[in-house]
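So the chains spell out like this:
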Amino acid sequence: MFKGRWRTTGGALLRVIIVWAVSTLTMLVLAGILPDFKLQSDNQDSITRTAVTAAWGAGAFGILSALVWPLLVRALLLVPALVLGLLVFFLNGSLLLIALWLIPDGRGAANPETAVVVAAVMSAVASATSTGLAVGDDDAYRRRLFRLADRRRRRSGEGGGHGGPPGTVFLQLDGVGHQVLLDAVTAGVMPHVAGWLGVRPPDPDGGYGTAVDPAHVSPGGLTDGAALAESAGPADGAGRADSGGPADSVAGGPRPTHRLTPWRTDWSSQTGASQLGILHGSNHDVPAFRWYEKDTGRIMVSNRPSSAAELQRRAIARTNDGGLLTLDGASRGNLFSGGADQLALVLSIAARRGRANRSRAGYFAYFSDPANAVRTVVSFVADVGREIGESTRARIRGDRPRVGRGGLYPFIRAFATVVERDVVVAAVIGDMLAGRTAVYADLVAYDEVAHHSGPHSRDAERVLARLDRSVGLIARAAEHAPRTYRIVLLSDHGQSPGETFESAYGLTLKDLVRAGCGLPVSRRAERTRSGAEAREAARHAVLGALHRPEPEGAGEQPAHGSDPVVLASGNLGLISFPDVPERMSRERIDRRHPALLRTLASHPGIGFLLVRSEEHGSVVLGPGGAEVPVDALDDSGPLAGMGPGAADAVRRTDSFPHVADIMVNSMYDPATGRVHAFEEQIGSHGGLGGEQSSAFLLSPLALSAPVPDNGELVGAERVHQVLRRWLREGSGPQVPLGTVSVPVANARSDEARTAEEEKDSA
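Thresholds applied
- Residues numbered from 1 in each chain as written.
- Predicted model: local features only at pLDDT ≥ 70, side-chain atom pairs only at ≥ 80, totals over all residues.
- Heavy atoms only, no water.
- pLDDT = per-residue confidence, 0-100.
- Contact = heavy atoms within 4.5 Å.
- Pairing = 2+ DSSP bridges.
- Helix = DSSP H or I, 4+ residues; strand = E, 2+ residues; numbered from the N terminus.
- Axes fitted to C-alpha atoms, helices over the stretch in contact; angles between N-to-C directions.
- Buried < 20%, exposed > 50% of the residue type's maximum accessible area, 1.4 Å probe, protein only.
- Core = buried A, V, L, I, M, F, W, Y, C linked by side-chain atoms within 4.5 Å.
- Salt bridge = Lys/Arg side-chain N within 4 Å of Asp/Glu carboxyl O.

Here's the deal with the confidence of the model for the protein chain
Item 1. Chain-level statistics for the protein chain give a pLDDT mean of 79 and a share of 69% at 70 or above.
Item 2. Note that pLDDT drops below 50 for residues 243-251; the model gives that stretch 22 contacts with residues more than four away or on any other chain.

Some thoughts on the sheet that holds strand 18 (residues 617-621)
Item 1. Strand order in the open sheet made by the six strands is 15-16-20-17-18-19, with antiparallel pairing throughout. The open sheet has two edge strands, strand 15 (565-569) and strand 19 (627-629), and neither has a second partner. Pairs of neighbouring strands in the sheet enclose a mean axial angle of 20°, with direction left out of account.
Item 2. Relative to strand 20 (residues 662-666), strand 17 (residues 606-613) is paired through five bridges, and the arrangement is antiparallel. The residue bridging L609 from the neighbouring strand is V664, located in strand 20.
Item 3. Lying on the sheet, helix 17 (residues 509-516) is in contact with strand 15, strand 16 (572-576) and strand 17; it crosses strand 15 at an angle near 150°.
Item 4. Here helix 21 (residues 646-654) sits on the sheet in contact with strand 17, strand 18 and strand 20, set at roughly 40° to strand 17.

Examining the pairing of strand 24 (residues 694-700)
Item 1. Judged by how many residues are buried, strand 24 sits mostly within the fold: six of seven residues are covered.
Item 2. Where strand 7 (residues 258-264) meets strand 24, seven bridges bridge the pair, whose relative direction is antiparallel. Paired with R264 across the bridge in strand 24 is S694.
Item 3. Alignment of strand 13 (residues 485-490) against strand 24, held across two bridges, turns out to be antiparallel. Each residue of the ladder has a partner; that of L490, found in strand 24, is L697.

A word on the pairing of strand 3 (residues 167-173)
Item 1. In terms of burial, strand 3 is a largely internal element, seven of the seven residues being buried.
Item 2. Here strand 3 shows a buried face lined by G167, V169, L171 and L173 and a second buried face lined by T168, F170 and Q172.
Item 3. Pairing analysis gives six bridges linking strand 3 to strand 13, with the strands arranged parallel. Paired with F170 across the strands is V488, a residue of strand 13.
Item 4. Examined bridge by bridge, strand 3 and strand 12 (residues 438-443) share six bridges and lie parallel to one another. Looking across to strand 12, one finds that L171 is bridged to A441.

Topic: the nonpolar core
Item 1. Residues F170, W267, Y440, V650, L697 and L723 are the most contacted members of the largest nonpolar core, which totals 59 residues.
Item 2. Here the element with the most residues in this core is helix 22 (residues 716-731); it accounts for six residues.
Item 3. Counting residues in each nonpolar core, the second largest holds 52 residues, with V424, Y446, A450 and L473 among its members.

A look at the pattern of salt bridges
Item 1. Going through the model one piece at a time under the given rule, you end up with 29 salt bridges.
Item 2. The residue D383 makes a salt bridge to R386 at a minimum N-O spacing of 2.6 Å. A residue pair is termed a helical-turn pair when its members lie 3 or 4 positions apart in one helix, as D383 and R386 do in helix 12 (residues 370-397) at three residues.
Item 3. The exposure class of D383 is buried, given its relative accessible area of 1%.
Item 4. Note that R397 and D399 form a salt bridge whose closest N and O atoms lie 2.8 Å from each other.
Item 5. Salt bridges sharing partners connect three or more residues here, namely D383, R386, E387, R405, R413, D459 and R466.

The following block contains the structure:
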């Protein structure tokens, strides 16, 4: 603790010295340029004596500015803004004249009008220097965010919340799998999260910390450390946040304040399906990240604003409920709103025009503070350089697998790891200081980097460390909030590593399908577009800033004709025949393209297919002629090694109205954990196989356990039920602040419906 205080004090002192030195140099330069400003006596002092005089004057001016300005601002609060703006220059010049008067032997002198210019330049240079030095200082950054949130709250007339029931902040670490989190915590990459779990980080001198053994994480979610803490009594964190502040020592390490629970995704292990289920309680009929709908002739893409808006509308209509955040909620950086009234960087509203598009307001609110802009721009440029350096070293080393990381990718990555992160963190801190009841935010940095660098790469590990700093920043900000906050971390899916399908076999899935159909295959490989969330988020951020939202349905119409539509969602492929209005049967496919299904099922890069049969209902086809009706499907046979619950996940997707004619899941090697993505990604998710299906939920011990002992948490809709229950535990039954524009004649209360769903699931 004392080491941290000394480090903080030393850092602040070093910044003061640097700002003083830069101010001194600025004063010397101005003295050489301006004829009416001098720092020497009439006898022409030496350079050393002149430098000492400048240092004296710069120091006196800095001290006077720090001491006098707060008093002047208070005294001039009633002065009109325009008059105050003019007075600032004259008062600043007056302070400089006083500072020059304080220099011994009268060596400093300036005309009043020159003093105004010198003071203005010195103030600007000192401010820019101080801001640049504070780019990596989380404490200084947090203080600026507090001031920004306080100004915004006063401007909007908000009362700053209230005491009483605690609020809840849900932070989604996009793409961070359960095992990745365990490894990062054990290795000391995420010390703040490790403290919540009662894990002692590795000793800097080479010792080892407390290891988190995955075998010791029960299905109910408690680590051994958490169980030990519970036996010692309740733990609900420190300060104003149930988030793991200073805690008593247990077994040589910090006392746990949180429990870690793994949860299993649906077959479509990607943000569109998972976040829709988590925020709106239903991800029915979301078979993949992108899919073709025959009834509308439209390609749905989860991270396009028009598609996201339609998916949200369908989920609300199905549940007769606005979402998780309808009670005084805020949605930040998400694909969907969750029913929140406070929105920033929410994709499902990005297609709205005019004042209805509140999503882009998050950028303007953040960058309205010049200090924030400097911090983010400097970090953005640094991350672009970091990515270019990392990708160059990877090429020199000959790393495999590897995908292209040139072009605009370094800027897209920096948007995810810096801009989106900073804006979302600032918005969450503002929400807490405003006392909002529920906040859900998505941080996409890890997911974007892991797609291109690999989920277990050093590059991805460094991103996890920076995310941990963001989590710590939010947790410390909660201590200043007007109400207690419970901070829940969760992910929407994991990622599975592996060489791309094209890199491994020299052709894309689309090439293979066309060859199986007897259609010509282009000699030039056609790269499948990556579905990373940050790419579209960056694109729509630019369009929003230019007040040019994407037109409804733009880019979602496939080419007409009978050629198959082949789409990729990680290691999940979807094949549809647009000229057949209904789901095409296996028998009809065989009559039209006799070699297609056999070509796909026997390919070494493909694990299994799902297709409808007129004779047997839907069937799963696998290598070696394997064929199992979906009704008789279990986790063996073609699904062997795909993970527990694979058969149930396939059966659920098979029931969707918009399931593709042929669903294709890549191979999975249990020995290495590798899959083959049908996109340009060496870390992928979207199908079955490996860590992509294993997400996590990290919750305070003050909340009830997500599932009973020996229970399993399966599916995003079940996670929604758990989060609903936690909100009720803190605030009582929820009553939405506004009405939901869906039919409610047959609607049941949230509590009744959720209770029935949890009973059915149990």
